[in-house]
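Listed here are the chains, written in short residue letters.
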Amino acid sequence: MKEGYFPQEIEKRWQAKWEETKTFHTPDCSDKPKYFALSMFPYPSGRLHMGHVRNYTITDVIARFKKMNGFNVLHPIGWDSFGLPAENAAMQHNADPAKWTDENIAYMTKQLKMLGLSYDWDREVTTCKPEYYKWTQWLFLQLYKKGLAYKKEAAVNWCDKCGTVLANEQVIDGKCWRCDSVVEKKYLSQWFLKITDYAERLLDDLDKLPGWGENVKTMQANWIGKSEGAIFRFKVKEVEGLEVPVYTTRPDTVHGITYLVVAPEYKDIEKLTTAENKSAVEEYRANARKMSEIERLSTDRPKTGVPLGTHCINPFNGEEFPLWTADYALAEYGTGAVMAVPTHDTRDFAFAKKYNLPMKVVIQNSEKPSDCCNEAYTEEGILVNSNEFNGMKNTEAKKAITQKSVNEGFGEFKTQYRLRDWLISRQRYWGAPIPIVYCDKCGIVPEKEENLPVMLPTDVDFSVVGKSPITTSPTFKDTICPICGGHAVREMDTMDTFICSSWYYLRYSDARNDKECFNKEKVNHWLPVDQYVGGIEHAILHLLYSRFFTKALKDCGLLDFDEPFKNLLTQGMVLKDGSKMSKSKGNTVDPDEIFENYGADTARLFILSDSPPARDFDWSDAGVEGCYKFLNRIWRLLWMNQVNTDLSVDGKNIKATKRENDDLIRAVHMQIKGITNDITNEFQFNTVISKYRELVNTIYDWINKNDLVSDENKQVYSFAIKSLLILLSPVAVHLAEEAWHELGGEGSVHNQNWCEWDENLAKASKITLVVQINGKVKDKMEADEDLDDESLKSLALLSPKIKELTEGKEIVKTIVVPKKLVNIVVK
RNA sequence: GCUCCAGUGGCGGAAUCGGUAGACGCGUUGGACUUAAAAUCCAAUCGGGGUUCACCCUCGGUGCCAGUUCAAGUCUGGCCUGGAGCACCA
């Protein structure tokens, strides 16, 4: 009997062996179909946390399962290594961010290897290395050439703590996504990517993604925020030739306009303000500017505003109404101006009520008559007070009224999106420099492609406050204009790190190419990613940006597919004691500790065992212990018997009579089927692990009831053990390999084919017939499975118990579910 | 406010199509082994009630209320609770 289970020693040995023999290398060419399994790559923060362990274990098991099922599997890893933590560390310790990053990568690489993940390390990508960011810059230039990258002066989100601007997607509840500090508005000239050009495609193509969760798709759809409506242009009475356009989704209420609101930042606001209102308006605008995003966005804040003194004329009915400015109108959405219909919009109602503005009902519903004095009526109804549209259903009136405005030249149909262009400039050091120069003569000039990468300078001072360290480099700023050769200065901003992560998955297809960002044939071969696994927190940011990038690069002719991730699994969080593991709460569990005390196989088994992958996972020390005991139980099973397990056994060669009648053989087939289905449908690893346990329990039971002397039984036993090891191998990767090797199996267990099952054997030899009366279970009996419905019915009626219960009652009806159930309906 | 997801024992969770609710595990309890402990193994474990104390009977039970159906954790409608996302988006 082999000695006890010492995972640490076994694991180290096999990890070295796999590395040496390149067991997990992925060739580009293969006659097998491809499969691309991908985890979201980590930021090299220093150490792995349990969320990483969960993410990478899930993907690893999928990759291994697919490989054993005959796919050429691409399963790479890399590092999302630009970003603020490295820079902050540099500022605190006056260290080089590159060095800090490299050290973290080295440590985390060691941890990933200890977890026994089947990565092809030859394809590792690191976004902060010049050989990678060269291509990030090159891609930026392609987008620039396509007109998808542009610079503009705009109100931007500024995080003072991070000392940089943020994209809209990076502002969560008015706060910075990274550091949680309150975001301010600033006016700056910044680089943007025209993601809005892709709004329609990003929305429509969500339908092409049946392999994505509905929750993620809805979040993206909400973020894109499509709405259909109309633009109406209103002439200003006091200013000749000036018009105020408004966007509305309620053109049907146009006859009920009683005032109009423009945002405090509205471009023509000064022209729209009369002399006597000027000081009040100026004061109001100054206040609005001072307000933080959080205050401004709070919906329960009482509405405020001031009149501008001017008026517009409603071309539909000739009525005149006043113009106001109020901060409930947003400058960045629609036209920055809103037509106000207090009777049919709750916000306009609140505002009108406060400032005593008139109200006019234009939609009524006979069942729910609108009451213009108490609240806005926002539901459907029939138009009134609307001239020729009176009596029309409001849903129809939307179209008819907009059409009239089109015919008469003061309006149009308009589709509006909430999505804004992606602000990508960052006033930080540790990112890919934007490859643009500003020439005294030629203006904004893209760097020449052959001059890439624009290297990050290293002669910088990290101790500066209030500006980017990159500006302190004496060598970086001044350069030569690629067009005229004259003096030029470099763009000092770096790119948002989300750009680096918007294309890394493409680079894996051709990671070592130093001539192109990737070869088109290779990228078309490997992509799209067949299974992407990562946290739900990227539902909008990373996943939306990556989808945009893929579409834009397709339009640049660099690749031929338009969605990067065919299937997406968003794994749940790892919790401890009911809340998310975090350093501040002090409820973290260090993976190293688990590796050391129990080994990686226990960690892998446990992280998959208790919850389905998409759900949150509550870490419990007892659960870890339980998994460790289970592996020990398997270990004992493997060596408790003095039998030579023969791993070359083929289940099909076991004598037919034995095969069909042995419980263990049937159990093995049943579990193979169950485990395979559980992995295939939705990656239900928690039930897979239940089935491992059932199988092990069955083998123990069988050993207790059967001798291991007869050749037939030895064969059955060997078949069961062999199947167990193969089924177990994607999860308990080291234990399975050690056992496979020690029991004399050929090659690596990880190069075996997945187990097959025989449909006829993957079920019990007899069925259990359930007999119900009026839908309630009253009896169960064994029956042959080939009995037809009639025989099952009579069998059920033969049961003494059923006889007794139906005695003297009228049998109205009998329902038979083939091979399963008989329901007798009595009165 | 809008959108999406979820709600099943003490706990994590299971239950392809509407067809035996509670698989598997954790925990708990009892037992075996042991001088003892650990480890291991065996057994019990949804709740109420009954009884001839059994491998028994019976009733109830998947957030709540209705409905469809021979049959509902599963389908439909309406609510409640929790989580997530969006939110003065006109």
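Residues numbered from 1 in each chain as written. Chains lettered and ligands numbered in written order. Predicted model: local features only at pLDDT ≥ 70, side-chain atom pairs only at ≥ 80, totals over all residues. Heavy atoms only, no water.

The next thing to look at is the overall build of chain A. For chain A, the count of helices and strands is 25 helices and 34 strands. For chain A, the spread of C-alpha atoms along the three principal axes comes to 105 × 90 × 50 Å. Buried residues in chain A amount to 55% of all 827 residues. Restricting to contacts in chain A with at least 6 residues of sequence separation, those with at least 24 account for 72%. Accessible area of chain A: about 36,600 Å², with a carbon and sulfur share of 49%. (Helix = DSSP H or I, 4+ residues; strand = E, 2+ residues; numbered from the N terminus. Buried < 20%, exposed > 50% of the residue type's maximum accessible area, 1.4 Å probe, protein only. Contact = heavy atoms within 4.5 Å. Areas by Shrake-Rupley, 256 points an atom, 1.4 Å probe, with all protein chains shown as cover.)

Bringing the protein's contact with RNA strand B into the picture now. By nearness alone, 58 residues border RNA strand B, and Thr249, Lys303, Arg347, Arg633 and Asn823 come closest of all. If you look at RNA strand B and keep only atoms within 4 Å of the protein, 64% of those are sugar or phosphate atoms. Contact between RNA strand B and Tyr333: a phosphate oxygen at 2.6 Å from a side-chain N or O atom of the residue. Within the side chain of Arg420, a nitrogen or oxygen atom sits 3.3 Å from a base nitrogen of RNA strand B. (Near = heavy atom within 4 Å. Polar contact = N/O pair within 3.5 Å; in protein donor to acceptor, adjacent residues only side chain to side chain.)

For the rest of this paragraph, the subject is the nonpolar core. Trp619 and Tyr692 are the most contacted members of the largest nonpolar core, which has 97 residues in total. For Tyr692, the residues in contact, after removing those within four places along its chain, are Leu605, Phe630, Ile675, Leu727, Leu728 and Val731. (Core = buried A, V, L, I, M, F, W, Y, C linked by side-chain atoms within 4.5 Å.)

Moving on to unusual backbone geometry. Only a minority of non-glycine residues have a phi that is not negative, and only a minority of peptide bonds are not trans. Cis rather than trans, the peptide bond between Leu452 and Pro453 has omega equal to 0 degrees. For Pro453, the location among the structural elements is in the loop between strand 22 (443-446) and strand 23 (478-480). Even without being a glycine, Asn387 presents a positive backbone phi close to 50 degrees. Mapped onto the secondary structure, Asn387 falls in the loop between strand 17 (382-383) and helix 11 (394-407).

Another point: the side chain of Arg666. With respect to the helices and strands, Arg666 occurs in helix 20 (residues 663-680). Although Arg666 is buried, it makes no salt bridge; Asp663 carries the closest opposite charge, 6.0 Å away. At a separation of 3.3 Å, a polar atom in the side chain of Arg666 contacts the main-chain carbonyl oxygen of Asn760. Leaving out residues up to four positions away in the same chain, Arg666 has contacts with Glu660, Asn760, Leu761, Ala762, Lys763, Ala764 and Ser765. (Lys, Arg positive; Asp, Glu negative; His and termini not counted. Salt bridge = Lys/Arg side-chain N within 4 Å of Asp/Glu carboxyl O.)

As a further point, take a negative patch on the surface. On the surface, a cluster of negative charge is made up of Asp577, Glu593, Glu596, Asp610, Asp616, Asp618, Asp621 and Glu625. Mapped by element, the contributors of at least two residues to the negative patch are helix 16 (591-598) and helix 18 (621-639). Here Glu596 is to be found in helix 16. (Patch = residues over 30% accessible without salt bridge, like charges linked within 9 Å, V, L, I, M, F, W, Y side chains within 5 Å. Charge placed at Lys NZ, Arg CZ, Asp CG, Glu CD.)

Turning our eyes to something else, we now look at the packing of helix 22 (residues 711-728) against helix 23 (residues 733-742). Between helix 22 and helix 23, the shortest axis-to-axis distance is 8 Å and the interhelical angle comes to 145 degrees. You can see that helix 22 and helix 23 cross each other, and the crossing is left-handed. Here Lys722, Leu725, Ile726 and Leu728 of helix 22 come into contact with helix 23, specifically with Leu735, Ala736, Ala739 and Trp740. Class assignment of the residues belonging to the contact of helix 22 with helix 23 gives a composition of seven nonpolar, no polar and one charged. (Axes fitted to C-alpha atoms, helices over the stretch in contact; angles between N-to-C directions. Left-handed = near helix turned anticlockwise from the far one by under 90°. Nonpolar A, V, L, I, M, F, W, Y, C, P; charged D, E, K, R; others polar.)

Sheet analysis places strand 31 (residues 766-773) next to strand 32 (residues 776-784), joined by eight bridges and oriented antiparallel. Along strand 32, the bridge assignment pairs Val771 with Asp779. Between strand 31 and strand 32, which follow one another and run antiparallel, lie two residues, and Asn774 among them has a positive phi close to 50 degrees. (Pairing = 2+ DSSP bridges.)

For helix 10 (residues 346-355), the full list of buried residues reads Asp348, Phe349, Phe351 and Ala352. In this fold, the buried residues of helix 10 make contact with strand 12 (259-262), strand 13 (305-313), strand 14 (320-326) and strand 15 (337-340).

All right, on to the sheet that holds strand 34 (residues 821-826) then. Strand order in the open sheet formed by four strands is 32-31-34-33, and the pairing between neighbours is mixed. The open sheet terminates on both sides in strands that have one partner only, identified here as strand 32 and strand 33 (811-817). Averaged over all adjacent pairs, the angle separating strand axes in this sheet is 20 degrees, with direction ignored. With four bridges joining them, strand 31 and strand 34 adopt parallel strand pairing. Along strand 34, the bridge assignment pairs Val771 with Val822.

Right, let's get into the pattern of salt bridges. Going through the model one piece at a time under the given rule, you end up with 46 salt bridges. Taking the shortest distance from any N to any O, the salt bridge between Lys520 and Asp560 comes out at 3.6 Å. Note that Lys520 is positioned in helix 14 (residues 520-526) and Asp560 in the loop between helix 15 (541-555) and strand 27 (568-571), a separation of 40 residues in sequence. For Lys673, the salt bridge is made with Glu759, and the minimal N-O distance between the two is 2.6 Å. With a gap of 86 residues between them, Lys673 in helix 20 and Glu759 in the loop between helix 23 and strand 31 connect regions that are remote in the sequence. Among the residues examined, Glu759 registers a relative accessible area of 42% and is labelled partly exposed. What you see here is one network of salt bridges that share partners, running through Asp205, Lys208, Arg547, Lys551, Lys554, Asp562 and Glu563.

Attention now moves to the sheet that holds strand 2 (residues 72-74). Hydrogen bonding along the main chain pairs the strands of a sheet, whether they run parallel or antiparallel. Across the sheet, four strands lie side by side as 2-1-26-27; this open sheet has parallel pairing. For this open sheet the edge positions go to strand 2 and strand 27, each flanked by a neighbour on one side alone. The average undirected angle you get between the axes of adjacent strands in this sheet is 20 degrees. With three bridges connecting them, strand 1 (residues 34-39) and strand 2 associate as parallel partners. Note that in strand 2 the partner of Lys34 across the bridge is Asn72.

The next thing to look at is helix 15. End to end, helix 15 covers 21 Å across 15 residues, agreeing with the expected 21 Å (1.5 Å per residue, within 8%). Most of helix 15 sits inside the fold, with 13 of its 15 residues counted as buried. (Expected span 1.5 Å × (residues − 1).)

Glancing now at a positive patch on the surface. Judged by side-chain charge, Lys776, Lys778, Lys801 and Lys809 come together as a positively charged surface patch. Positionally, Lys809 belongs in the loop between helix 25 (800-806) and strand 33.

What follows deals with the packing of helix 1 (residues 7-21) against helix 23. Contact geometry of helix 1 with helix 23 gives a least axis separation of 9 Å together with a crossing angle of 85 degrees. Taken together, the axis directions place helix 1 and helix 23 in an arrangement best described as roughly perpendicular. For the pair formed by helix 1 and helix 23, the contact residues are Ile10, Glu11, Arg13, Trp14, Gln15 and Trp18 on the first element and Val733, His734, Glu737, Glu738 and His741 on the second. Residues that form the contact of helix 1 with helix 23 fall into these classes: four nonpolar, three polar and four charged. (Parallel < 35°, antiparallel > 145°, perpendicular 65-115°, else oblique.)

Here the focus is the packing of aromatic side chains. Under the counting rule described, the total for this entry stands at 43 aromatic pairs. The interplanar angle of 65 degrees and the centroid separation of 5.7 Å between the aromatic rings of Phe498 and Tyr545 together place this pair among those described as edge-to-face. Of this pair, Phe498 sits in helix 12 (residues 497-500) while Tyr545 sits in helix 15; the two residues are 47 residues apart in sequence, bridging distant segments of the chain. Taking relative accessible area as the criterion, Phe498 reaches 5% and is therefore assigned buried. (Phe/Tyr/Trp six-rings, centres within 6.5 Å; stacked < 30°, edge-to-face > 60°.)

Glancing now at the environment of Gly808. One can find Gly808 in the loop between helix 25 and strand 33. Taking the C-alpha atoms as reference, Gly808 lies 55 Å from Pro210; in sequence the two are 598 residues apart.

Let us look at the environment of Trp158. Assignment of secondary structure puts Trp158 in strand 5 (residues 149-159). In the structure, Trp158 is positioned 37 residues away from Ile195 in sequence and 20 Å away in space, judged by C-alpha atoms. With residues up to four places along the chain from it excluded, the contact list for Trp158 reads Gly163, Thr164, Val165, Val182, Val183, Glu184, Lys186, Leu188 and Gln427. Looking at Trp158, its side chain comes within polar contact range of the side chain of Asp160, at 2.9 Å.

The next subject is the pairing of strand 10 (residues 227-236). Most of strand 10 is tucked away: seven of the ten residues are buried. The pairing of strand 10 with strand 18 (residues 411-416) spans six bridges and is classified as antiparallel. Looking at the pairing, Ser227 lines up with Gln416 of strand 18. Pairing between strand 10 and strand 11 (residues 243-248): six bridges, direction antiparallel.

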